[in-house]
Amino acid sequence: MREAREAFRRFWPLTRGDRKWLAVIIACVVVSALSETAAILIFADLTDNALKSGSLSDFWGPAAAWLGVAALGALVGYFGNSLATWTAERFVLRLRANVFRHVQGLPPHFFQKHRQGDLVERLTGDVEAIEQMVVSGVVGTISAAFSAVFYACAALYLRWDLALATFVLAPLFLIAARRFSGRIKQASTDERVADGAITSVVEESLGNVVLTQAYNRRRDEEKRLDVEARAWMKASVRGARLSEMYEQFVEVVETLCVLAVIGLGVWEISADRMTLGALLAFAAFIGYLYPPVRNLGQLGLTLTAATAGAARINEILDATPSVGDPSEPVPAWPVHGWVSFHGVTFAYPGAIRNSVDEVTFRADPGELVIITGESGAGKSTLSKLLTRFYDPSAGVICLDGVPLRDVPLEFLRENVALLPQQTLILNGTVRENIECGRPGATDEEIERAARSAAAHDFIAALPEGYDTQIAPGTAALSGGQLQRIAIARAMLREAPVLVLDEPTAGLDSVAARQVIQPLRRLMSGRTTIMITHDLSLAPDADRILVVEGGRLVETGKHAELVARGGAYARLAGPLPEMAITGTGRHRSHRSHGSEDTMTLRQVPPQAPDETMILRLPLK
Ligand SMILES: Nc1ncnc2c1ncn2[C@@H]1O[C@H](COP(=O)(O)OP(=O)(O)OP(=O)(O)O)[C@@H](O)[C@H]1O
């Protein structure tokens, strides 16, 4: 119960704005219960007068009153129920939006820890379970309480002694609900977990269908789904069995109560202490009394199921974003593109080892800095720190001399464009996919970016050109083509700093070659931090950083490092012809002629002192 109270306290504030509607719904419920009570009393009157005497003149009055009361009840019931559904759905809408907003700000390791399908289940089933407690639960409880009081009062009014005798059995409902609630909660948790696991398996399998087919893993995947589906079936059957057992038990108790009423009634009528009409009305009130009492008993079950959902939603809401906006943000400034790392150290949450250890380097506006090293050396972690998915545990990263922690996140990500390892495609048209680099860009700007990214020709050849629909995993485009769409998107962003994480990974050498020229155009005039194993652009780099176990072990230009014969020389090996003949980036960007429409940013004449960390932006 404590858990339910806490969950309620946490989610009740979301009803703000709708509480007046909750009051209206409750008023409707009260009117509805009153009209039912009135209808039963009129029925008793009809039985004892019109029916007994067989007089039509005694019929019309009560009949008209009954009809009026029934019509009022129907109208109020319709309005109240519609309003209740609307309010409940608004709550679900708000809660889901809140949780989704929170999820979107969570750090990458949260998504590595939680399976996607499980998160989907939390945002759907669990959110609805909470609604059952907070909105439907409150309305249901208040209505049930009001109805129970009305019918009980009416029964007491008719025959207080008989009513008290039948109320004696009421605690049986509560005892039954208590006995069942714990087990139903467990079954409900198991069912939700299994639901999430099924969604996860289906998503993972369909997302990996090539691996499944190529490695003949179909039977393994079917087995995986079967295990989860069986767990779901078991939990679901157990939940249904418990609920059914509870229902049937309550039915038996109800029958017991009705028999008690009839037995007492027969006795009372035979002793001439009660009319038939009064007995029927009394039995009706007792009959009407059970559903609300039963609902009150069942509320405990709804609460227990909802707390299982609430616990799972709380786990998401309690996960904190690893970075946030600064309390005193630096005002926006025209970013030049100085990037500097000063003694940066970082360990992932929960990790025992540092993934980045005392890394110091700088990149000046327009420079290309290549970060290379063996797999797992910490290269991608550096890109996550620069785009501020995480903050360093020690040391400082600066943009134009301003510590990233003081820069508003949105401004930082407008100015530091990331081209991540896997090409990210949105569900939408090719145009929308490019436009998301700079929402609101004109068609001409989008096309110009696509031409610069060497993507225009293949886009124009698509059945619907720029309006062709593509989606993650379903795009009928090659890896290299998708990567060029991503480059066009980054071109459009016009960010002065670019972070490229393995831009040619996963591409064959032909596709990689097709991407290199657009990449050069993209990098032209921008500070570029490129993380790569592919060193074909290394001769162009102003600086190469070699990372090993999170530490910088070598820094220098390609020729120097090759001559040194150390870690870099081992990684570089014999270089492909393309790289050796490749022209330097700063020299070559002009040679792309009219196709290269990127405007070069003015590189300020003076770089800031490497050791200087400014609180204020450079103007
Ligand atoms: N979420 C995480 N939690 C804990 N450790 C992590 C996490 N992500 C990465 N690591 C560890 O941090 C280290 C650096 O990882 P990183 O992804 O930066 O390597 P990388 O050099 O980019 O490798 P690759 O070239 O294979 O992409 C690795 O040892 C890795 O195991």
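Keep in mind the model is a prediction, meaning the values are calculated, not measured.

Draft legend 1. Fine view of the packing of helix α2 (residues 19-53) against helix α10 (residues 276-318). The N-to-C vectors of α2 and α10 enclose an angle of 160°; their axes lie 7 Å apart at closest approach. With respect to each other, α2 and α10 are oriented roughly antiparallel. Like other packed secondary-structure pairs, α2 and α10 cross with a definite hand, here right-handed. Between α2 and α10, the residues in contact are E36, T37, I40, L41, F43, A44, T47 and D48 and L276, G277, A278, L280, A281, A284, F285 and Y288, respectively. Each residue belonging to the contact of α2 with α10 can be placed in one class, and the counts come to 11 nonpolar, three polar and two charged.

Draft legend 2. Seen up close, the side chain of E131. With respect to the secondary-structure elements, E131 resides in helix α5 (residues 116-134). R96 provides the closest opposite charge to the buried, salt-bridge-free E131, at an N-O distance of 9.7 Å. Non-local contacts of E131, meaning those with residues more than four positions away in its chain, are made with A88, F91, V92, S136 and G137.

Draft legend 3. Expanded view of the UniProt feature "transmembrane region" (unreviewed entry) in the protein chain. Here the UniProt feature "transmembrane region" (unreviewed entry) sits at residues 21-44, 64-86, 133-151, 157-177 and 273-290. The span residues 133-151 is 95% helix and 0% strand, and its two end C-alpha atoms sit 25 Å from each other.

Draft legend 4. Region of the structure containing the site of the ligand. Around the ligand there are 15 residues in total, and Q112, S355, S375, K379 and T381 lie nearest to it. The separation between an oxygen atom of the ligand and a polar side-chain atom of S380 is 2.8 Å. One nitrogen or oxygen atom from the side chain of H533 is found 3.5 Å from an oxygen atom belonging to the ligand. Put simply, the parts of the chain that give the shell around the ligand at least two residues each are α4 (108-113) and α11 (379-386). By residue number, the principal contributor to the shell around the ligand is α11, which donates three residues. The residue inventory of the shell around the ligand, partitioned by class, reads two nonpolar, 10 polar and three charged.

Draft legend 5. Geometry of the sheet that holds strand β5 (residues 402-403). One open sheet accounts for four strands, arranged β2-β1-β4-β5; its pairing is antiparallel. The open sheet is flanked by β2 (356-363) and β5, the only strands paired with a single partner. The pairing of strand β1 (residues 339-346) with β2 spans five bridges and is classified as antiparallel. Within β2, the residue paired with V344 across the bridge is V359. Against the sheet, α11 engages β1, β2 and β4 (394-399), with an angle of about 115° to β1.

Draft legend 6. Examining the domain arrangement of the protein chain more closely. Taken domain by domain, the protein chain comprises domain 1 (2-318) and domain 2 (341-473 + 480-594). In this structure, domain 1 and domain 2 have C-alpha centres spaced 55 Å apart.

Draft legend 7. The arrangement of the environment of I425 in detail. Relative to the assigned elements, I425 resides in the loop between β6 (416-419) and β7 (428-429). In this structure I425 comes out as buried when scored by relative accessible area, which is 11%. C-alpha separation for the pair I425 and P472, spaced 47 residues apart in sequence, amounts to 5.1 Å. Leaving out residues up to four positions away in the same chain, I425 has contacts with N433, I470, A471, P472, L482, I485 and R489.

Draft legend 8. Representation of the environment of I529 within the structure. The topology assignment puts I529 in strand β10 (residues 527-531). On the basis of relative accessibility, which here comes to 3%, the residue I529 falls in the buried class. Once the C-alpha coordinates of I529 and E254 are considered, the two residues, 275 residues apart in sequence, prove to be 75 Å apart. What I529 contacts, discounting residues up to four positions off in sequence, is V339, F361, A363, V369, I371, L386, L498, V499 and L500.

Draft legend 9. Spatial organisation of the nonpolar core. In this structure, I370, I434, I459, I485 and L522 are the most contacted members of the largest nonpolar core, which totals 46 residues. Counting residues per element, this core draws most heavily on helix α16 (residues 479-493), which supplies eight residues. Beyond its immediate chain neighbours, meaning those up to four positions away, L522 contacts L419, I487, A490, M491, L498 and L500.

Draft legend 10. Seen up close, the pairing of strand β9 (residues 497-501). The buried count for β9 comes to five of five residues, which makes it a mostly enclosed element. With four bridges joining them, β6 and β9 adopt parallel strand pairing. Considered in β9, the bridge of L418 is made with V499.

Draft legend 11. Layout of the packing of helix α14 (residues 443-452) against α16. For the pair α14 and α16, interaxial distance at closest approach is 8 Å and the crossing angle is 125°. Considered as vectors, α14 and α16 are oriented oblique to each other. As α14 runs across α16, the sense of the crossing is right-handed. Contacts between α14 and α16 involve E445, I446, A449, A450 and S452 from the first element and A488, M491 and L492 from the second. Its residues placed into classes, the contact of α14 with α16 shows six nonpolar, one polar and one charged.

Draft legend 12. Representation of the sheet that holds β6 within the structure. Spatially, six strands are ordered β6-β9-β10-β3-β11-β12 in an open sheet, and the strand pairing comes out mixed. The sheet is open, and its two borders are formed by β6 and β12 (551-556), each paired with just one other strand. Going from strand to strand, the sheet's axes swing by 20° on average, the running direction of each strand aside. Examined bridge by bridge, strand β3 (residues 368-373) and strand β11 (residues 543-548) share five bridges and lie parallel to one another. Bridge pairing in β11 places V369 opposite R543.

Draft legend 13. Representation of the packing of aromatic side chains in the model. Summed over all chains, the structure comprises 13 aromatic pairs. Through a chain of ring-to-ring contacts, three or more aromatic side chains come together here, namely Y151, F285 and Y288. Here R413 stacks its cationic end above the ring of F389, 4.8 Å away from the centre of that ring.

Draft legend 14. Just the pattern of salt bridges, in detail. In total, this model carries 24 salt bridges according to the counting rule given. Taking the shortest distance from any N to any O, the salt bridge between R96 and E128 comes out at 3.3 Å. Taken together, the positions of R96 in helix α3 (residues 57-104) and E128 in helix α5 put the pair 32 residues apart, joining distant regions of the chain. Classification of E128 as partly exposed rests on a relative accessible area of 40%. Measuring nitrogen to oxygen at the nearest pair gives 3.0 Å for the salt bridge that ties R230 to D226. Taken together, the positions of R230 and D226, both in helix α9 (residues 218-270) and four residues apart, correspond to about one turn of that helix. For D226, a relative accessible area of 34% gives the class partly exposed. Where salt bridges share partners, they join D118, R122, D126, R312 and E315 into one cluster.

Draft legend 15. Main features of unusual backbone geometry. For D272, which is not glycine, the phi torsion reads 65° and is therefore positive. Mapped onto the secondary structure, D272 falls in the loop between α9 and α10. Taking relative accessible area as the criterion, D272 reaches 70% and is therefore assigned exposed.

Each value, and the rule that gives it
- Residues numbered from 1 in each chain as written.
- Predicted model: local features only at pLDDT ≥ 70, side-chain atom pairs only at ≥ 80, totals over all residues.
- Heavy atoms only, no water.
- Axes fitted to C-alpha atoms, helices over the stretch in contact; angles between N-to-C directions.
- Helix = DSSP H or I, 4+ residues; strand = E, 2+ residues; numbered from the N terminus.
- Parallel < 35°, antiparallel > 145°, perpendicular 65-115°, else oblique.
- Left-handed = near helix turned anticlockwise from the far one by under 90°.
- Contact = heavy atoms within 4.5 Å.
- Nonpolar A, V, L, I, M, F, W, Y, C, P; charged D, E, K, R; others polar.
- Buried < 20%, exposed > 50% of the residue type's maximum accessible area, 1.4 Å probe, protein only.
- Lys, Arg positive; Asp, Glu negative; His and termini not counted.
- Salt bridge = Lys/Arg side-chain N within 4 Å of Asp/Glu carboxyl O.
- UniProt positions renumbered as here; feature names shortened; annotations may be inferred.
- Near = heavy atom within 4 Å.
- Polar contact = N/O pair within 3.5 Å; in protein donor to acceptor, adjacent residues only side chain to side chain.
- Pairing = 2+ DSSP bridges.
- Domains from an automatic or database assignment.
- Core = buried A, V, L, I, M, F, W, Y, C linked by side-chain atoms within 4.5 Å.
- Phe/Tyr/Trp six-rings, centres within 6.5 Å; stacked < 30°, edge-to-face > 60°.
- Lys NZ or Arg CZ within 6 Å of the ring centre and 35° of its normal.

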